[in-house]
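Take a look at the letters that make up each chain.
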Amino acid sequence: MTITFEGPAIFVADVKASREFYEGLLGQEVLADFGPNVPFKSGFSIWQAEHAVGVIHSGRRKPQETQGQDNFEMYFEAPDLDAAWARIKKAGVRILQPVHEAPWGQRGFRLLDPDGHIVELAEPLSVMIQRFTDDGLTPEQIAERSGMPVEMVKAMLG
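The text that follows walks through the structure, step by step, so that each part is easy to find. Small disclaimer: the values here were computed from a predicted structure and weren't measured. (Residues numbered from 1 in each chain as written. Predicted model: local features only at pLDDT ≥ 70, side-chain atom pairs only at ≥ 80, totals over all residues. Heavy atoms only, no water.)

A word on the nonpolar core. As a rule of thumb, soluble globular proteins bury nonpolar side chains together. In terms of nonpolar packing, the biggest core is built from 23 residues, with Tyr22, Leu26, Ile46, Phe76, Phe109, Val119 and Leu121 touching the most fellow members. Every element with two or more residues in this core is listed here: β1 (9-12), α1 (15-25), β4 (73-77), α3 (81-91), β6 (107-112) and β7 (118-122). Setting aside anything within four residues of it in sequence, one finds Phe76 in contact with Tyr22, Leu26, Gln28, Phe44, Val119, Glu120, Leu121 and Ala122. In terms of nonpolar packing, the next biggest core, distinct from the first, is built from seven residues, Ile129, Ala143, Met148 and Val153 among them. (Core = buried A, V, L, I, M, F, W, Y, C linked by side-chain atoms within 4.5 Å. Buried < 20%, exposed > 50% of the residue type's maximum accessible area, 1.4 Å probe, protein only. Helix = DSSP H or I, 4+ residues; strand = E, 2+ residues; numbered from the N terminus. Contact = heavy atoms within 4.5 Å.)

A separate point is the packing of aromatic side chains. The tally for this structure, following the rule as stated, stands at eight aromatic pairs. For the ring pair Phe11 and Trp47, a centre distance of 5.7 Å and an interplane angle of 85° mean the geometry is edge-to-face. In this pair, Phe11 is assigned in strand β1 and Trp47 in strand β3 (residues 45-48), connecting sequence segments 36 residues apart. In this pair, the class of Phe11 matches that of Trp47, namely buried. (Phe/Tyr/Trp six-rings, centres within 6.5 Å; stacked < 30°, edge-to-face > 60°.)

Another aspect to go through is the packing of helix α4 (residues 125-134) against helix α5 (residues 139-146). With their axes 10 Å apart at the nearest point, α4 and α5 run at an angle of 125° to one another. Regarding the angle of α4 to α5, the classification is oblique. Judged by the sense of rotation from one axis to the other, the crossing of α4 with α5 is right-handed. Seen from α4, the contacting residues are Met128, Ile129, Phe132 and Thr133; seen from α5, they are Ile142, Arg145 and Ser146. In terms of residue class, the contact of α4 with α5 is made up of four nonpolar, two polar and one charged. (Axes fitted to C-alpha atoms, helices over the stretch in contact; angles between N-to-C directions. Parallel < 35°, antiparallel > 145°, perpendicular 65-115°, else oblique. Left-handed = near helix turned anticlockwise from the far one by under 90°. Nonpolar A, V, L, I, M, F, W, Y, C, P; charged D, E, K, R; others polar.)

Throughout the structure, instances matching the rule amount to 11 salt bridges. As a salt-bridge pair, Glu73 and Arg110 come within 2.5 Å of each other at their nearest N and O atoms. Of this pair, Glu73 sits in strand β4 while Arg110 sits in strand β6; the two residues are 37 residues apart in sequence, bridging distant segments of the chain. Glu73 gets classed as partly exposed once you look at its relative accessible area, which sits at 30%. The salt bridge involving Arg145 is made with Glu101; its shortest N-O contact spans 2.3 Å. (Salt bridge = Lys/Arg side-chain N within 4 Å of Asp/Glu carboxyl O.)

This next bit is on the sheet that holds β4. The four strands are arranged β4-β7-β6-β5 in an open sheet whose pairing can be described as mixed. A single partner strand is all that each edge strand has here, and the edge strands are β4 and β5 (95-101). On average, each strand axis in the sheet is tilted by 15° relative to the strand beside it, whichever way the strands run. Of the pairings in the sheet, the one linking β4 to β7 comprises five bridges and is parallel in character. The partner of Phe76 across the bridge, within β7, is Leu121. Helix-sheet contacts for α3 involve β5, β6 and β7, and the interaxial angle to β6 is about 20°. (Pairing = 2+ DSSP bridges.)

In structure tokens, the structure reads:
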């Protein structure tokens, strides 16, 4: 028996507002529109909270009890992180954490979607490795700095 993970679904208060956020602001392509459920080509979907809670919990929980918890993060990558940051700032969305460098060296920032779900945008690891290379670090130094195996660093460098 094979079980394949197909991606998460997040519960949202307003499918239209969330679709505008993920499709319009973050550039995600819609795979299909089933009304209360909208899957994106990148592998996640948004689900109208009232509908989802009704189907899953048979009305035993309220939708707001399932939304915007601090125990889940949607992760996206942006090769041009500075351009993504400018676009997000211009859109006026709620910023959780401005652009920063993580302990392993990857640059990124966090914001909240319309329902308070944490969304992270970060540079791809390959961009981080190239940035370190441009700063004069060797593959071995990059591996030490990032915690990545040196073979992985060398493979990403080509």
